[in-house]
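Commentary on secondary and tertiary structure
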Amino acid sequence: QVQLVESGGGLVQAGGSLRLSCAASGSILGINAMGWCRQAPGKQRELVASMPSGGKTNYADSVKGRFTISREYAKNMMYLQMNSLKPEDTAVYYCNARVVTTTSRRESNYWGQGTQVTVSA
């Protein structure tokens, strides 16, 4: 099927930067959209940023001006550049993709396993 693998999480001080990566692989015919969500302890999972193929990027208000989402379409890769990190950005960050597979020829939603981002004060 399809696998999404995140990398790049870690521990950083407030004001610092991290760059997350997401690699999509498997039976991919096309990717209609990719995005990042996060879930902090005791909170619901929330959208951080999304980027439909050929469409407009979308950011949560809390990260606008600090985070930048990008994609390398030919490599099925997605990135999240996170600058000016704050302690409230601490969460597990998940990669999400709406993928049309070569087997089903229909769009399905996939998630990565998540990568921990911890921002210390």
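The structure we're discussing is the one just above.
Remember, it's a predicted structure, so these values are computed and weren't measured experimentally. (Residues numbered from 1 in each chain as written. Predicted model: local features only at pLDDT ≥ 70, side-chain atom pairs only at ≥ 80, totals over all residues. Heavy atoms only, no water.)

Considering unusual backbone geometry
Residues other than glycine seldom take positive phi values, yet Asn-76 does so here, at roughly 55 degrees. Structurally, the position occupied by Asn-76 is in the loop between strand E7 (67–72) and strand E8 (77–82). A positive phi is found at Ser-84, a non-glycine position, where the angle reads about 50 degrees. Inspection of the secondary structure assignment puts Ser-84 in the loop between E8 and strand E9 (91–101). (Helix = DSSP H or I, 4+ residues; strand = E, 2+ residues; numbered from the N terminus.)

Topic: the packing of aromatic side chains
Counted by the stated rule, this structure contains one aromatic pair. With centroids separated by 6.5 Å and ring planes inclined at 85 degrees, the aromatic side chains of Tyr-94 and Trp-111 adopt a geometry described as edge-to-face. Here Tyr-94, found in strand E9, pairs with Trp-111, found in strand E10 (residues 107–111); they are 17 residues apart in sequence, far enough to count as distant. In this structure, Arg-45 is placed above the aromatic ring of Tyr-94, and the distance from its NZ or CZ to the ring centre is 3.7 Å. (Phe/Tyr/Trp six-rings, centres within 6.5 Å; stacked < 30°, edge-to-face > 60°. Lys NZ or Arg CZ within 6 Å of the ring centre and 35° of its normal.)

Some details on the side chain of Glu-6
Along the chain, Glu-6 turns up in strand E1 (residues 2–7). We note that Glu-6 is buried and unpaired, the nearest opposite charge coming from Arg-45 at a distance of 7.6 Å. A distance of 2.9 Å separates a polar side-chain atom of Glu-6 from the backbone nitrogen of Gly-114. Other than its neighbours up to four places away in sequence, Glu-6 contacts Ser-21, Cys-22, Trp-36, Tyr-93, Tyr-94, Cys-95, Gly-112, Gln-113, Gly-114 and Thr-115. (Buried < 20%, exposed > 50% of the residue type's maximum accessible area, 1.4 Å probe, protein only. Lys, Arg positive; Asp, Glu negative; His and termini not counted. Salt bridge = Lys/Arg side-chain N within 4 Å of Asp/Glu carboxyl O. Polar contact = N/O pair within 3.5 Å; in protein donor to acceptor, adjacent residues only side chain to side chain. Contact = heavy atoms within 4.5 Å.)

Let's talk about the pairing of E9
The element E9 is extensively covered by neighbouring structure, given that nine of its 11 residues are classed as buried. Pairing analysis gives 10 bridges linking strand E4 (residues 28–39) to E9, with the strands arranged antiparallel. Bridge pairing in E9 places Cys-37 opposite Tyr-94. Here E9 pairs with strand E11 (residues 115–120) via three bridges, running antiparallel. Within E11, the residue paired with Val-92 across the bridge is Gln-116. Two strands pair when backbone bridges link them, and E9 and E10 are joined in this way by five bridges, in the antiparallel orientation. Of the residues in E10, the one forming a bridge with Val-99 is Ser-108. Between the antiparallel neighbours E9 and E10 lie five residues, among them Arg-105 with a positive phi of about 60 degrees. (Pairing = 2+ DSSP bridges.)

Functional significance is not addressed by these values, which are geometric in nature.
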